[in-house]
Amino acid sequence: MKRIFSLSFAVFGGSVIYANVSGNVYPTLPGGFLLAVGLPLVSLLFRDSIDARTAFAYVGGIVCLSVLYRCHVFLFPASVVGHDPGLYAQQVSQLMETGRLGSIQESEISFYTEAPLFLVLIGAFGTLVRLPPTEAMIIYPIVVGALYPLVAFALVRCVGSEEGWRLPCIAATIAATATLSLRYGFWPVAQTLAVVLWLVFVVVVVRYYTDRDSRFFVLLTLLLFALIFTHKIPGFVVAGTFVTLMALNRFVRDGATKSMAEKLRSRSVGTLAALAAVAVLVQWVFVTDYVYRMVLRVALLATPQALAAFAERFTDLFLGGASGGSMQYEWANPLNPLLVFFLMNTYAIALIPLAGLGWLVLFLRRRREPSTRVLLAATAFITAMIALGYLRRAVANPRRFTFIGEILLIVLASVAVYRLVPSGTRLPTRPLRLLIVGMLLTANLFAIPAFPAHPEAPRNYFVTTEMAGKRFVDERVDGTVHTDYVFANTPPANPAIVGPEDKYSSLSEELLNRSSALYRHRHVLFRETVNVYRTPGESWRPTWHPERGFDREYHRTYDNGDVVLYSSTPSNGTTRTRDR
């Protein structure tokens, strides 16, 4: 294993160097990471036997690669990835300066001022290692990259121990490439920490029902308390999981009833379900006012328009071609909705059917085991919420629930891989398993959410020149500046700067329509490197060159090669910089 992982780290390092030198980050970085984890996977599948020592060494190497990849994707952009992390950086900056939670009460993301554990962890880590807020967020790529493969490894050992050490290692490899864990590692949000706590909760529940140690019950209570002050969904999932587990225990009646009573008493399940329900009630009613929004969302589900909206959504997707939905612009082409839908969901398309097969295998073969029933109940409830989200997105966001259940679904999919191609048959078992797992890894790493610079989606970060242009305008330009939708809604380049909120205004619709209103503004900030523009609903490619009209109608007052500030009145001279 040492030689294989030495080669893997060399391959990964080479892809990082090439991406930095050439500027071609996609598909270089995902491809390099795929090859880096693929080499030890091939060695694992074609070994005659795997012992515990080899398995632990393998998982250790996979964890290192997982952490390194996530940290590099987090660090290589000049800005944080995504919109929300910039707002979080402002909140954490205020928290680190004052040391008081009250200092972040007046914030755009108000929920997390009431449930601030996500922000507190960033602030505590930043203070401890003396990093600014934007860099202190690296704690999340580190934690996610290390924890996800380890949790997958541990859970597969619980539900598939008869398969030896090879199957847990496969699960750890798939978990290292899990799409949404990648996205919310380099794009940290409050749900990132909540899912980490949720996965720890699942592992502790499994140990509690296996070992019957009361100390685990105390730990479960502490984890529930932490979830209340982290995010609004996982507490609800915990409650739903235990309710589903109670239903599953009643539904499954066989000769194992007495043995199940010894390890999985109905009373303890009911106690945990009640405890989780109280935790959700406290969070939604007392900590926050989220209960009112949930009532409204459930009411929306009950309307007769729900199924009509679901049908219309998928009819537009699969029959509408490249219509781009209801909005149309005269001088822009929409991204192909069918292609975008496929690339956004390749990981789910590959993972969920395999996970469903794994669920059936475990239900038929190991439903008597307490640990297996916990996993079956959790995945059944989460999958139901994902389906509900696709039916009515306003009620449940399917991606959020997929993120919560992703590692559990990977555990089920890993079991399915072994059952699809069982040993002892005439089929080439090892090559077929490698093919199936390789398809999963590829679907995970090359989905749009798995990387912040996919060619079929807007770039989700800013390069050095764009941050320099943003900083120049933040500090030196008075009055409203009109720019594209993403730039207009981005927090200041310096997290310490707060407001004014009306500093920027979006002109994306004017630009995509080639409207004459483009030339009636005092200041226009234009990014010459952007070829896909995001609007509140969709993404578009312009069919004209806006800079030509801007050069004709405005004066260039700032130009760093990629970002240009146009002004309606001439300045003493154009500021030209080269921030490459």
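Engineer: For this particular structure, what's the right way to read the sheet that holds strand 6 (residues 539-542)?
Structural biologist: Backbone-to-backbone hydrogen bonds join strands into a sheet, with any given pair of strands oriented parallel or antiparallel. One open sheet accounts for three strands, arranged 1-6-5; its pairing is antiparallel. Unpaired on one side and paired on the other, strand 1 (332-334) and strand 5 (533-534) mark the two borders of the sheet. Two elements, strand 1 and strand 6, share three bridges in a ladder whose sense is antiparallel. Residue pairing for strand 6: Asn 333 is matched across the bridge by Arg 541.

Engineer: Please explain empty space enclosed by the protein as it appears in this structure.
Structural biologist: Over the atoms a probe the size of a water molecule is rolled, and this reveals where empty space is left. Applying the stated criterion across every chain, the model contains four cavities of 30 Å³ or more. In terms of lining residues, the largest cavity is bounded by Trp 198, Phe 201, Val 202, Val 205, Val 238, Thr 241, Phe 242, Leu 245, Val 374 and Ala 378. Elements represented by at least two residues in the lining of the largest cavity include exactly helix 11 (190-211), helix 13 (234-251) and helix 20 (370-391). Looking at the lining of the largest cavity residue by residue, the classes come out as nine nonpolar, one polar and no charged.

Engineer: Quick question: what am I supposed to make of helix 4 (residues 84-98) here?
Structural biologist: An α-helix turns once per 3.6 residues; consequently, residues spaced three or four apart project the same way. The terminal C-alpha atoms of helix 4, which comprises 15 residues, lie 22 Å apart, in line with the 21 Å expected from a rise of 1.5 Å per residue. What helix 4 keeps buried is the set Pro 85, Gly 86, Leu 87, Tyr 88, Ala 89, Gln 90, Gln 91, Val 92, Ser 93, Gln 94 and Leu 95. Gly 99, located one to two residues past helix 4, shows a positive phi value of around 75°.

Engineer: Which parts of the structure should I look at to understand the packing of helix 19 (residues 346-366) against helix 22 (residues 429-445)?
Structural biologist: Two quantities define a packed helix pair, namely the angle between the helix axes and the distance between the axes. At a minimum axis distance of 7 Å, the contact between helix 19 and helix 22 shows a crossing angle of 145°. For the crossing formed where helix 19 meets helix 22, the hand is left-handed. Residues Thr 346, Tyr 347, Ala 350, Leu 351 and Leu 354 of helix 19 touch helix 22, and the partners they reach there are Ile 436, Leu 440, Ala 443 and Asn 444. Considered class by class, the residues forming the contact of helix 19 with helix 22 number seven nonpolar, two polar and no charged.

Engineer: Which parts of the structure should I look at to understand the environment of His 83?
Structural biologist: Relative to the elements of secondary structure, His 83 occurs in the loop between helix 3 (52-75) and helix 4. Sequence-wise, His 83 and Asn 460 are 377 residues apart; in three dimensions their C-alpha atoms are separated by 8.1 Å. A polar side-chain atom of His 83 sits 2.6 Å from the main-chain carbonyl oxygen of Asn 489.

Engineer: Help me out: how do you make sense of the side chain of Ser 66 in this one?
Structural biologist: For Ser 66, the position within the fold is in helix 3. Note on Ser 66: relative accessible area 0%, which makes it buried. There is a polar contact of 2.8 Å between the side chain of Ser 66 and the backbone oxygen of Gly 145. When sequence neighbours within four positions are dropped, the list of residues in contact with Ser 66 reads Phe 33, Gly 145, Pro 149 and Ala 176.

Engineer: Help me understand the pairing of strand 7 (residues 555-559) in this model?
Structural biologist: Residues in a regular strand point their side chains to alternate faces of the sheet. Judged from the four bridges that link them, strand 7 and strand 8 (residues 563-567) form a sheet pairing that is antiparallel. When the bridges of strand 8 are listed, Arg 556 appears paired with Tyr 566. Once strand 7 ends, the chain turns through three residues before running back antiparallel as strand 8, passing Gly 561 with a positive phi of about 100°.

Engineer: Explain the packing of aromatic side chains to me, please; I cannot follow it from the model alone.
Structural biologist: The way to describe two aromatic rings as a pair is by their centre distance and the angle between their planes. Under the defined criterion, the tally for this structure stands at 28 aromatic pairs. With a centroid separation of 6.1 Å and an interplanar angle of 70°, the aromatic rings of Tyr 519 and Phe 550 are classed as edge-to-face. Here Tyr 519, found in the loop between helix 25 (508-513) and strand 4 (523-527), pairs with Phe 550, found in helix 26 (residues 546-553); they are 31 residues apart in sequence, far enough to count as distant. Take Phe 550: its relative accessible area is 0%, and that puts it in the buried class.

Engineer: Whenever I open this one, the nonpolar core confuses me. Can you help?
Structural biologist: Buried together is how nonpolar side chains tend to be arranged in soluble globular proteins. Membership of the largest hydrophobic core comes to 147 residues, with the highest contact counts inside it found for Tyr 58, Trp 198, Phe 201, Tyr 209, Phe 242, Ile 407 and Leu 408. For this core, the leading source of residues is helix 11, giving 15 residues. Formed by 16 residues, the second largest nonpolar core is a distinct cluster that contains Tyr 329, Ala 332, Leu 518 and Val 564.

Engineer: What is the right way to read the packing of helix 11 against helix 13 from this model?
Structural biologist: Running from amino to carboxyl end, helix 11 crosses helix 13 at an angle of 30°, the nearest separation of the two axes being 10 Å. Accordingly, the angle class assigned to the pair helix 11 and helix 13 is roughly parallel. The crossing of helix 11 and helix 13 is right-handed. Seen from helix 11, the contacting residues are Ala 194, Trp 198, Phe 201, Val 205 and Tyr 209; seen from helix 13, they are Pro 234, Val 237, Val 238, Thr 241, Phe 242 and Leu 245. Across the contact of helix 11 with helix 13, the residue classes break down as ten nonpolar, one polar and no charged.

Engineer: Please explain the pairing of strand 8 as it appears in this structure.
Structural biologist: In terms of burial, strand 8 is a largely internal element, five of the five residues being buried. Residues of strand 8 alternate between two faces, with Val 563, Leu 565 and Ser 567 on one and Val 564 and Tyr 566 on the opposite face, all of them buried. Sheet analysis places strand 4 next to strand 8, joined by five bridges and oriented antiparallel. Bridge pairing in strand 8 links His 523 to Ser 567.

Engineer: What is the right way to read helix 23 (residues 464-476) from this model?
Structural biologist: Spanning 13 residues, helix 23 covers 18 Å between terminal C-alpha atoms, matching the ideal 18 Å at 1.5 Å per step. For helix 23, every residue scored as buried is listed here: Thr 465, Glu 466, Met 467, Ala 468, Gly 469, Lys 470, Phe 472, Val 473 and Asp 474.

Engineer: Help me out: how do you make sense of the side chain of Arg 166 in this one?
Structural biologist: Mapped onto the secondary structure, Arg 166 falls in helix 9 (residues 166-176). In this structure Arg 166 is buried but unpaired, with Asp 48 as the nearest side chain of opposite charge at 6.9 Å. A distance of 2.6 Å separates a polar side-chain atom of Arg 166 from the backbone oxygen of Leu 44. Within polar-contact distance, the side chain of Arg 166 engages the backbone oxygen of Arg 47 at 3.0 Å. Excluding its chain neighbours within four sequence positions, the residues that come into contact with Arg 166 are Leu 44, Leu 45, Arg 47, Asp 48, Ser 49, Ile 50 and Tyr 418.

Engineer: What is the right way to look at the confidence of the model for the protein in this model?
Structural biologist: Low pLDDT means the predicted coordinates in that region are not meant to be read closely. For the protein, the mean per-residue pLDDT works out to 84, and 84% of the residues sit at or above 70. Between residues 317-325, whose pLDDT stays under 50, and residues either more than four places distant or in other chains, the model counts 19 contacts.

Engineer: Help me understand the environment of Gly 60, please; the structure alone is not making it clear to me.
Structural biologist: Counting through the fold element by element, Gly 60 comes out in helix 3. The exposure class of Gly 60 is partly exposed, given its relative accessible area of 32%.

Engineer: Before we go on, may I ask you to explain a nonpolar patch on the surface in this structure?
Structural biologist: A contiguous nonpolar surface patch, about 190 Å² in accessible area, is contributed by Leu 101, Leu 117 and Val 120. A residue is classified by how much of its surface remains accessible, and Leu 101, at 37% relative accessible area, is partly exposed.

Engineer: Any chance you could explain unusual backbone geometry here in plain terms?
Structural biologist: Trans is the common state for peptide bonds, and a negative phi is the common state for residues other than glycine. Look at the link from Tyr 26 to Pro 27: it is a cis peptide, with omega at 10°. Turning to its location among the elements, Pro 27 is positioned in the loop between helix 1 (2-22) and helix 2 (28-46). One non-glycine residue with positive phi stands out, namely Arg 514, at about 55°. Relative to the helices and strands, Arg 514 resides in the loop between helix 25 and strand 4.

Basis of the calculations
Residues numbered from 1 in each chain as written. Predicted model: local features only at pLDDT ≥ 70, side-chain atom pairs only at ≥ 80, totals over all residues. Heavy atoms only, no water. Pairing = 2+ DSSP bridges. Helix = DSSP H or I, 4+ residues; strand = E, 2+ residues; numbered from the N terminus. 1 Å grid on protein atoms, 1.4 Å probe; cavity = no way out; pocket = protein on both sides within 12 Å on 5 of 7 lines; lining within 4 Å. Points joined across faces, edges and corners; volume = space filled by probe spheres on them. Nonpolar A, V, L, I, M, F, W, Y, C, P; charged D, E, K, R; others polar. Expected span 1.5 Å × (residues − 1). Buried < 20%, exposed > 50% of the residue type's maximum accessible area, 1.4 Å probe, protein only. Axes fitted to C-alpha atoms, helices over the stretch in contact; angles between N-to-C directions. Left-handed = near helix turned anticlockwise from the far one by under 90°. Contact = heavy atoms within 4.5 Å. Polar contact = N/O pair within 3.5 Å; in protein donor to acceptor, adjacent residues only side chain to side chain. Phe/Tyr/Trp six-rings, centres within 6.5 Å; stacked < 30°, edge-to-face > 60°. Core = buried A, V, L, I, M, F, W, Y, C linked by side-chain atoms within 4.5 Å. Parallel < 35°, antiparallel > 145°, perpendicular 65-115°, else oblique. Lys, Arg positive; Asp, Glu negative; His and termini not counted. Salt bridge = Lys/Arg side-chain N within 4 Å of Asp/Glu carboxyl O. pLDDT = per-residue confidence, 0-100. Patch = residues over 30% accessible without salt bridge, like charges linked within 9 Å, V, L, I, M, F, W, Y side chains within 5 Å. Areas by Shrake-Rupley, 256 points an atom, 1.4 Å probe, with all protein chains shown as cover.

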